[in-house]
Amino acid sequence: VRDVQTLTSRGVREVTLLGQNVNSYLSECGINFAHLLRILAEDTSIERIRYTTSHPKDFNQELVDISQKYRSKICDYIHLPAQSGNTEVLSRMNRNYSREEYFDKAKMVRAGIPGVALSTDLIVGFPGETEAQFQDTMSLIHEMQYENVYAFMYSPRPFTKAARFTDQVEEKDKSRRLQELLAAQRIIAFDLAAAYEGKTLQVLVEEYSADTG
């Protein structure tokens, strides 16, 4: 809170709260992430608050309610990484939630914050991923209608359990799956962006250009 107050005194108008699982935050005095957002919204003059990256396991109704109540300051944008649309692949990734549980969290978010924009992270070609399991990820993006998707081909990292799996997916299949996913997402994102045409929205002007006005 002191950091944000110091920043706003210097003219900063937007802050981003960063964490590997940012919504798992718990302070030494017992303040959780939802409470932190509420305090920043109420007790500082910051105009816009973003946060990333959320983990589905710790996204709860309290966080949804506070995001809705203070949406004049907290961005109507939530990054909710899925990583895969298939439950078996999620289990191998040690994500600790199923496809259905992820959907339930996303539905809770959209019901509590109408009009919220969602983005996600996805990995294609995780060891052992079959073509049918990849199609589960494709169906995920169509059902979820994400504004943005950060998608990557799986690549082995040293000393990880997945790097030792013997059923690695061939590079050509990983590349094809990634291109298929990105092509589908471009269409989804375009259609979502087109819905803003003709609308008047409140924006935060971050800088003024003396050259262009």
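Scroll up to find the structure.
Residues numbered from 1 in each chain as written. Predicted model: local features only at pLDDT ≥ 70, side-chain atom pairs only at ≥ 80, totals over all residues. Heavy atoms only, no water.

Q: With reference to specific residues and values, describe the layout of surface pockets.
A: Empty space within the largest pocket amounts to approximately 840 Å³. Lining the largest pocket we find 25 residues, and of these Gln 83, Met 93, Arg 95, Ile 123 and Arg 157 sit closest to its centre. At the level of secondary structure, the elements contributing two or more residues to the lining of the largest pocket comprise α4 (87-92), β4 (117-124) and β5 (148-153). Tallied by class, the residues present in the lining of the largest pocket amount to nine nonpolar, 11 polar and five charged. (1 Å grid on protein atoms, 1.4 Å probe; cavity = no way out; pocket = protein on both sides within 12 Å on 5 of 7 lines; lining within 4 Å. Points joined across faces, edges and corners; volume = space filled by probe spheres on them. Helix = DSSP H or I, 4+ residues; strand = E, 2+ residues; numbered from the N terminus. Nonpolar A, V, L, I, M, F, W, Y, C, P; charged D, E, K, R; others polar.)

Q: So, unusual backbone geometry: which residues are in play, and what are the values?
A: The residue after Thr 52, namely Thr 53, is reached through a cis peptide bond having omega 5 degrees. Tracing the backbone shows Thr 53 in the loop between β2 (48-52) and α3 (61-69). Residues other than glycine seldom take positive phi values, yet Gln 83 does so here, at roughly 75 degrees. Positionally, Gln 83 belongs in the loop between β3 (77-79) and α4. Assessed through its relative accessible area of 13%, Gln 83 is described here as buried. (Buried < 20%, exposed > 50% of the residue type's maximum accessible area, 1.4 Å probe, protein only.)

Q: Would you mind going over helix α5 (residues 99-112) in detail, with residue names and values included?
A: Structural remark: α-helix, 3.6 residues per turn; residues separated by three or four positions point the same way. Taking 1.5 Å of rise per residue, 14 residues should cover 20 Å, and α5 covers 20 Å from first to last C-alpha, within 8% of that figure. Among all positions of α5, only Arg 99, Tyr 102, Phe 103, Ala 106, Met 108, Val 109 and Gly 112 are buried. Packed against the buried residues of α5 are α3, β3, α4, β4 and α6 (131-144). (Expected span 1.5 Å × (residues − 1). Contact = heavy atoms within 4.5 Å.)

Q: Lay out the sheet that holds β3 with the relevant residues and their values.
A: Spatial ordering of the open sheet is given by β3-β4-β5, a layout of three strands whose pairing is parallel. Where the open sheet ends on each side, the last strands, each with one partner, are β3 and β5. When the angles between neighbouring strand axes are averaged without regard to direction, this sheet yields 15 degrees. Note that β3 and β4 share three bridges and pair parallel. Looking at β4, one finds that Tyr 77 is bridged to Ala 117. In this fold α6 packs onto β4 and β5, with an angle of close to 170 degrees to the strand it touches most, β4. (Pairing = 2+ DSSP bridges. Axes fitted to C-alpha atoms, helices over the stretch in contact; angles between N-to-C directions.)

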